[in-house]
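# Structural overview for review
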Amino acid sequence: MSASNGVFLVVLAVGAGFFALNVQRLVRYMRLGQPDPRTDHPLARIRNLLRIGIGQSKIFRDRVAGPMHATIFWGFMVLTAGTVEILIQGVFNGFSYALLLPRPIYAAYAFSQDVFALAVIAAVGFALYRRLVLHPRRLEGDQLEHTDALIILSMIGGLMVTLLFANACAYLVDPSTVGPEKVVSRALAAAIAPMSARPAAAAAAFWWMHALLILVFLNYLPYSKHLHVATSLINVYLSNTSGPGTIGAMRPMDLEAEVEQFGAADVEHLTWKNLLDGYSCTECGRCTAACPANITGKPLSPRKIVVNTRQRLMEKGPRVTGDRMELAHPRLAHGEDSGAGATTATEVAADRLLDAYITEDELWACTSCRACVQECPVSIDQLDIINQMRRYLVLSESRFPEEVQPAFESLERNGSPWAFSPADRAQWAEGLDIPTMAEALERGERPDILFWVGCMGSFDDRAKKITVAFARILKACGIDFAILGQEEHCHGDPARRMGNEYLYQMLAKDTIGTLDRYEVKTIVTSCPHCFHQIGNEFPQLGGHYEVIHHSTFIDRLLQEGRVPLRSAEGRALTVAYHDSCYLGRYNDVYDAPRETLRRALPVVNLVEPRRTKDRGLCCGAGGGRMFMEERTGKRINAERTEELLATGAETIAVACPFCMTMISDGVNAAHADVPVLDIAEVVAGELSPNARSTT
Amino acid sequence: MKIAVCIKRTPDSESRFKIAASSTAIDEAGLKFDIDDFASYAVEVALQLNEKQGPGETVVVAVGPDVVQETLRKAMSMGADRAVQLKTDAVPYDGLAVATALAAELTGGGYDLVLFGKHAFDTSSGIVGTATAELLGLPCVTAASKLDIANGRGTARRELEGVAEVVEFPLPAAVTIDEGIARPRYPSLKNIMAAKKKPLEVKPAQLGPVRVSVKAMDLPPERPAGRIIGEGVAAVPELIRLLQTEAKVL
Amino acid sequence: MPNVLVFAETRANALRKIALEATSVARALADASGGGEVHAIVAGTPGVSSVAEQLGQYGADVVVVVEHAAFSNFDREAVSATIAARARSAAYRAVVLGFSAQGRDVGPRVAAKLDAPIAADVIEIRASGDAIIVKHPAYANKVIATLEVKGSPCVLSVRPSAFTPSPAPRAARVENMAPAADPGASRVTVKEMIEGGKGRIDLGEAPVIVSGGRGLKAPENFKLVEELAAAFGNAAVGATRAVTDDGWRPHSDQIGQTGRQVSPQLYVAVGISGAIQHLAGMRTSKTIVAINRDKEAPIFKVADYGVVGDALEIVPALTKAVREAKAGH
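Residues numbered from 1 in each chain as written. Chains lettered and ligands numbered in written order. Predicted model: local features only at pLDDT ≥ 70, side-chain atom pairs only at ≥ 80, totals over all residues. Heavy atoms only, no water.

## Brief notes about the overall build of chain C
Stated formally: Helix and strand assignments follow DSSP, with helices taken as H or I runs no shorter than four residues and strands as E runs no shorter than two, numbered in order from the N terminus. The reference for a compact globule is 2.2 Å times residues^0.38; the radius of gyration itself is calculated from the C-alpha atoms. Residue exposure (1.4 Å probe, protein chains only): buried if accessible area is under 20% of the type maximum, exposed if over 50%, otherwise partly exposed. The accessible surface values rely on the Shrake-Rupley method and a 1.4 Å probe; as for residues, cover is taken only from the protein chains in view. Charge assignment in this entry is limited to Lys and Arg as positive and Asp and Glu as negative, and neither His nor the chain termini are counted. For the purpose of locating charges, the reference atoms are NZ of Lys, CZ of Arg, CG of Asp and CD of Glu.
Helices and strands together make up the secondary structure of chain C, namely nine helices and 18 strands. For 329 residues, the compact-globule formula gives about 20 Å, and the C-alpha radius of gyration of chain C, at 22 Å, lands near that figure. Here chain C, with 329 residues, has 59% of them falling under the buried criterion. Total accessible area computed for chain C in this model is approximately 11,900 Å², and 50% of it derives from carbon and sulfur atoms. One finds the centroid of the 36 positive side-chain charges in chain C at a distance of 3 Å from the centroid of its 33 negative side-chain charges.

## Quick look at the pattern of salt bridges
Threshold: Salt bridge, as applied in this entry: a Lys or Arg side-chain nitrogen positioned within 4 Å of an Asp or Glu carboxyl oxygen.
Taken as a whole and assessed by the stated rule, the structure comprises 93 salt bridges over all chains. One salt bridge connects R399 of chain A with E397 of chain A, and the closest N-O pair in it is separated by 2.9 Å. Residue E397 of chain A is classed as partly exposed on the basis of its relative accessible area, which comes to 28%. A salt bridge links D115 of chain C to R211 of chain B; its shortest N-O distance comes to 3.1 Å. Placement of D115 of chain C in the loop between α4 (101-114) and β7 (118-122) and of R211 of chain B in the loop between β11 (200-204) and β12 (212-218) is noted, with the two residues assigned to different chains. Note on D115 of chain C: relative accessible area 45%, which makes it partly exposed. Relative accessible area serves as the criterion here: at 19%, R211 of chain B is assigned to the buried category. Here the residues in one salt-bridge network are R610, R611, K634, E639, R640, E642 and E643 of chain A, joined through shared partners.

## A few points about the environment of A201 of chain A
Along the chain, the position of A201 of chain A falls in helix α7 (residues 199-220). Taking the C-alpha atoms as reference points, A201 of chain A and M662 of chain A, separated by 461 residues in sequence, lie 70 Å from one another.

## A short note on the sheet that holds strand β17 (residues 287-292) of chain C
Note: strands within a sheet are paired through backbone hydrogen bonds, in either parallel or antiparallel orientation. Under the convention used in this document: Here the rule is simple: two strands pair whenever DSSP picks up at least two bridges between them. Whenever a helix is involved, its axis is fitted only over the stretch in contact; in every case the axis is a line through C-alpha atoms, and angles between N-to-C directions fall within 0 to 180 degrees. The criterion used for residue contact is that any of the two residues' heavy atoms lie within 4.5 Å.
What the six strands build is an open sheet, ordered β13(B)-β18(C)-β17(C)-β16(C)-β14(C)-β15(C); its pairing is parallel. Here the strands that pair on one side only, and so sit at the sheet edges, are β13 (227-231) of chain B together with β15 (235-239) of chain C. Averaged over all neighbouring strand pairs, the angle between strand axes comes to 20°, with direction disregarded. In the sheet, strand β14 (residues 208-212) of chain C pairs with strand β16 (residues 266-270) of chain C via five bridges, with the strands oriented parallel. Its bridge partner being in β16 of chain C, G212 of chain C is matched across the sheet by V270 of chain C. This element, helix α5 (residues 222-232) of chain C, spans β14, β15 and β16 of chain C of the sheet and lies at about 155° to β15 of chain C.

## Quick notes on the packing of aromatic side chains
Convention followed: Aromatic contacts are taken between Phe, Tyr and Trp rings whose centres are within 6.5 Å, Trp giving its six-membered ring; a plane angle under 30 degrees counts as stacked, one over 60 as edge-to-face, and the others as tilted.
Enumeration over the complete set of coordinates arrives at 25 aromatic pairs over all chains. On the numbers, 5.1 Å between centres and 80° between planes, the contact of F451 of chain A with F470 of chain A is edge-to-face. Taken as a pair, F451 of chain A in strand β1 (residues 449-452) and F470 of chain A in helix α21 (residues 461-476) lie far apart in primary sequence, 19 residues in all. A residue is classified by how much of its surface remains accessible, and F451 of chain A, at 0% relative accessible area, is buried. Relative accessible area serves as the criterion here: at 0%, F470 of chain A is assigned to the buried category. Both rings, one in F17 of chain B and one in F121 of chain B, keep their centres 6.0 Å apart while their planes meet at 35°; by these two values the pair is tilted. A residue pair is termed long-range when its members are at least 10 positions apart, and F17 of chain B in the loop between β2 (9-11) and β3 (33-35) and F121 of chain B in the loop between β6 (113-117) and α4 (128-136) qualify at 104 residues. In this structure an aromatic cluster arises from ring pairing among W428, F451, F470, F481 and F553 of chain A.

## Remarks on the nonpolar core
Short version of the rule: Side-chain atoms within 4.5 Å are what join buried Ala, Val, Leu, Ile, Met, Phe, Trp, Tyr and Cys residues into a set we call a nonpolar core.
By size, the foremost hydrophobic cluster in this structure holds 182 residues, and its most contacted members are Y279, W428, F451, I523, F553 and L597 of chain A. Other than its neighbours up to four places away in sequence, Y279 of chain A contacts L26, Y29, M30, L227, H228, T231, R310, L313 and M314 of chain A. The next biggest cluster of nonpolar side chains, apart from the first, holds 48 residues, and it includes L29, A30, A60 and A119 of chain C.

## Here's the deal with the interface of chain B and chain A
In plain terms, the rule: We define buried area as the total accessible area lost by two parts upon association, computed with a 1.4 Å probe and summed across both. As used in this structure description, the phrase polar contact means that two N or O atoms lie within 3.5 Å; if the pair is within protein, one of them must be able to donate a hydrogen and the other to accept it, and residues adjacent in sequence are counted only when both atoms belong to side chains. Under the scheme applied here, ten amino acids are nonpolar (Ala, Val, Leu, Ile, Met, Phe, Trp, Tyr, Cys and Pro), four are charged (Asp, Glu, Lys and Arg), and all others, including Gly, are polar.
Between chain B and chain A, the residue contacts involve 19 residues of the former and 24 residues of the latter. Carbon and sulfur atoms supply 48% of the area that chain B and chain A bury against each other, a total of about 1,800 Å² over both sides. Area buried by chain B at its contact with chain A is led by R183, Y186 and L189 of chain B, which between them contribute 40% of it. Counting across the interface, chain B meets chain A through five salt bridges. With a closest N to O distance of 2.5 Å, D424 of chain A and R16 of chain B form a salt bridge. Our enumeration of links across chain B and chain A arrives at nine residue pairs in polar contact (both at pLDDT 80 or more). It is helix α5 (residues 189-195) of chain B that provides the largest number of residues to the side of chain B that touches chain A, a total of four residues. Taken together, the residues of the side of chain B that touches chain A break down into seven nonpolar, three polar and nine charged.

## Looking at the environment of A91 of chain C
Residues and elements named next belong to chain C. Examined against the element boundaries, A91 turns out to sit in the loop between α3 (76-89) and β6 (92-98). Between the C-alpha atoms of A91 and R323, which are 232 residues apart in sequence, the distance is 43 Å. Excluding its chain neighbours within four sequence positions, the residues that come into contact with A91 are P2 and N3.

## Some details on helix α24 (residues 528-537) of chain A
When you tally the buried positions in α24 of chain A, you get nine out of ten residues, the bulk of the element. Along α24 of chain A, the residues classified as buried are P528, H529, C530, F531, H532, Q533, I534, N536 and E537 of chain A.

## Let's talk about a nonpolar patch on the surface
Residue and element names in this part refer to chain A. Using the following cut-off: Like-charged residues are merged into a patch within 9 Å and nonpolar side chains (Val, Leu, Ile, Met, Phe, Trp, Tyr) within 5 Å, provided each residue has over 30% relative accessible area and no salt bridge.
Together, V64, F126, Y129, L132, V133 and L134 make up a nonpolar patch on the protein surface, roughly 520 Å² of accessible area in all. Note on placement: L132 falls in helix α4 (residues 103-134). For L132, a relative accessible area of 43% corresponds to the partly exposed category.

## Quick notes on the interface of chain B and chain C
If you look at the interface, chain B gives 76 residues, while chain C gives 80 residues. Taken together, chain B and chain C are joined by six salt bridges. Note that E134 of chain B and R109 of chain C form a salt bridge whose closest N and O atoms lie 3.8 Å from each other. Between the two partners, chain B and chain C, sit 30 residue pairs in polar contact (both at pLDDT 80 or more). Every element with two or more residues in the side of chain B that touches chain C is listed here: α4, β7 (140-150), β8 (153-159), β9 (163-170), β12, β13 and α6 (236-245) of chain B. Per-element tally for the side of chain B that touches chain C: the top contributor is β9 of chain B, with eight residues. Looking at side-chain class alone, the side of chain B that touches chain C contains 40 nonpolar, 16 polar and 20 charged residues. Looking at chain direction, β9 of chain B and strand β13 (residues 189-195) of chain C are connected through six bridges and run antiparallel. Opposite V166 of chain B, over in β13 of chain C, you have E192 of chain C as the bridge partner.

## As for unusual backbone geometry
Peptide bonds are mostly trans, and most non-glycine residues show a negative phi. A cis geometry characterises the amide bond from L171 of chain B onward to P172 of chain B, with omega recorded as 0°. Mapped onto the fold, P172 of chain B is located in the loop between β9 and β10 (173-177). The phi dihedral of S379 of chain A falls on the positive side, at around 60°, and the residue is not glycine. The backbone of S23 of chain B shows a phi angle near 60°, a positive value even though the residue is not glycine.

## Things to note about the packing of helix α5 (residues 143-173) of chain A against helix α6 (residues 183-192) of chain A
Angle between the axes and distance between the axes are the two parameters that describe a pair of packed helices. Residues and elements named next belong to chain A. Operational definition: The labels follow the angle: roughly parallel below 35 degrees, roughly antiparallel above 145, roughly perpendicular from 65 to 115, and oblique for the rest. We call a crossing left-handed when the near helix sits turned anticlockwise from the far one by less than a right angle, and right-handed when that turn is clockwise.
With their axes 8 Å apart at the nearest point, α5 and α6 run at an angle of 70° to one another. Taken together, α5 and α6 sit at an angle that is classed as roughly perpendicular. Helix-helix and strand crossings are classified by hand; for α5 and α6 the assignment is right-handed. Across the interface between the two elements, L164, F165, N167, A168, C169, Y171 and L172 of α5 pack against V184, S185, R186, L188, A189 and I192 of α6. For the contact of α5 with α6, the per-class residue count stands at ten nonpolar, two polar and one charged.

Here it is in structure tokens:
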């Protein structure tokens, strides 16, 4: 070991030590959050890690930035091995993996380092070009983020360049130290040979520059959005957004707990996982670019929600833990809307994440469509933060848009979010000879299936037609089913989506009581919200039922040939199907409705809107927004309807009564003459005449 | 200010009603009960007045059997400080009998303001508030659509038919509250929990003699199914005729 | 033979329609109780005695005139005290008045002063021995309650328009009476009267609401709705969410799920299709009239009387007809 080794050792110790202290600090901040058990289902988690993390599956959803980032990421993973080698070399001269690995493996390794370094340079070059020349929209707006990104890209580029130059100069000094597999380094050596007077000095210089750059880069991470490099794979492993467990189920909540407040108003009310999400956000903006609220001009930006969470944690963390390693003015380094940060201790104490950073308007603008969660390459759950904060607003402060209050009150009093008498609930069934569970029980019967109608299907004039259409299909297929009739009331999902967990649990538990009383096992429903709630969230409260959405059910019946269709030749009907968020992104049901259309219609031409399937744009009614006024920007349903009409379809098909309302309104407002039909109505319209008369 | 609000437990106004077997009451099976709508506006007005005017006390009073305690707790979850149940088996239809019980409770209580809903959904008579005020000897404004209190005096607006009056009165006073003045707040879970611990006193109700009693309850004659009575301008005379003779609204 | 006292309500020293209705009711009650007299008591500024003859036309045997300069505005305390004093001065079977804004003030006060049982908003009256049997709409018009009122005198306030004034002419004797309480000592004083124009009837108060929707085609056409409302005299103007969103009308006019919920005696829906959110706001109205060019429109399912056609043509014709019908009152 020489003097320079000693110096390097000290430098390394300082660099690594400083980084370790920062890690400890960040972990301490993270632990200000609430508990959140994530040790379950390790195999499922590893699968996610491999697919989403290592495999970059979500990154590739952007056809341009995808390969670019994947190159840099895979490059980084591969080059990490080299980085370790270099750091060891700094302490023990002449160290090389060649000493440990069999020759062919070392050659492959060395080749990979070289080739990936070049690939990364190319990718970085493109990234800079994209940022500085192409100006993609989702990267616009935040000057600090922009600066941060340029620093990172420059450092990455610098690391690659110094590495290649160090190798090249080393080759010029002693060709035997750089094997033939290092094609790029050798080629570079040939190119710079004429210019290098003192290759040894240059080699050493580049080596030191590279090593120092590694340590600088490492220590820049905690102060930059590039922290995701350290946390993203861990975050993907620990996330529930792609499972394990039910996707899209809202976090359960214990209302009996003795707590000061319910829901989250500040970072210590969120869980450590939400805070880790904050660390892992790269501010890529894919979530915001997919957000229907943001697209139509509302103040909500899912990226901002997450960045604000990190920002607030960086602001509050030091005050709570007392450490002094955070920058004096954290807003200098940490992202979006940093101008909002407090600077004095009093301000920090008086502020909180809610209001000072994230406003009510942002939180209420969310339609819970899950597009943000779908897009996030590091599996951040933006929706979880929004939901916890909504819970705080409603349960702790009773703050919500005033038009929501009648919906809450009506749910409590009438069991439906609209002021309709519960006595009217089964009016649609008059004359259709459909038994209620109570009637069936009286006759000693136990129907196979409960048809859960839902409030829209029971009270809304347009949706009632969907209910009747589906009932006719069930009858035509001879399905043994019953309805709850007046015993049905809202399961509470709208209340839950709007943050009113208390009202939700009251309604849900009562519903479970009724379902269990009738020993219901299988439920079929024509509303995706009912489908999701009863099937995926009721288990949290002890309700376990098999729930099938009517599109899946009808598709099955069609596949089994049980639906008596009229055999008609018709001209090809061009249909655009609008994906319901709660069927699609929440429950992965994209094909059943389409297959239903294909099987039922004699000749059909299915056209897809520009944003479709898991990229489908929300109709705007989810997340309780059906019960709220839309006061800012363009109407979400208008935006979506434009897209659907642009397909030139003759008919628009939907599979959700909320979508039905929103898209129909959109078509009316656009003065277009395109019918909007539920897939049940489409199928019912194709029933053979004698089948129809059996109702 | 020390404000008393008299509230009533009534069924939800959206309900469809059936007549009970006794035929002298509605069938309560399946009905949801809550604070009467107008009474809840009165509670909200009281809370807002005390929020605006500095520390005060809002007391809610209700006549009825123990089930009325739920309703009192609901008012406390909105923010009322304490509650009094004037216990009786059934609330008489006789408004003056109820007013007598309320006056007996409120007298000598030192209340600056006594508030009521303009009328209760079930009896729809608007008697109790004004009668109680009279028994207490308080100045009373009936059906106030605006209310302001300052310096021991009150100003209220009240709608007459097609015209409105603005009146002034000294405190202590009684006011019955019309809708449109205030939207009753939605209790947060936090407040619902807190209300469970607030004081609720139970006393026997000193009702006056019951001289108005229900002999029968009936559903109104079936509304004829809606019908399209005609087309275009030609239908107007028939419409007028029907509004005058059948619907009796013109 | 007991007499019946009736409080005949006036405004600007002219009898309101409800006064005539109440007087006819008092007359019928007196006749059914053995033929006693009807004593009508009126309060107003000097000159109000001129209504005596009209009261006589509808069955008043005696008109008790209470004149005072301070009665230019309604003095609820002095008027109530005076009615109670008169009621005490002789044996009356009942005190009848209208269930109007004034009546809501006066009735309960008089009942408390007299310790007399009171039934309000009555639509039918029948004498039955010592008691009086009345019917009145309870639970927001969803149930009709039949009540037995025992005690003499009792106080009965009648629902406006539930009884038809019927002539029973005689020459009424006029008696003058001084207010039983000093109007100067009244604690509730009227500071200001606000005429209909600015103090528009609140949607929740209005017995009649005329509402407009997209079927009106353009914001200018809303004046047709306003004119129809004005023709009714006591009507408020409402709107659907569609037109308030488009800015044709202020949001405070919106009737529906996220707007006001109303329950007037008469709801006239002009150019409104009847979407669920709107229906949620008005379906408990006692009588619903719908005017829409689409006969399949959902509003026709809830309307008692539907007229299919172009609102822009029908509404002006209806306005004219309503004005003519009202001119009779």
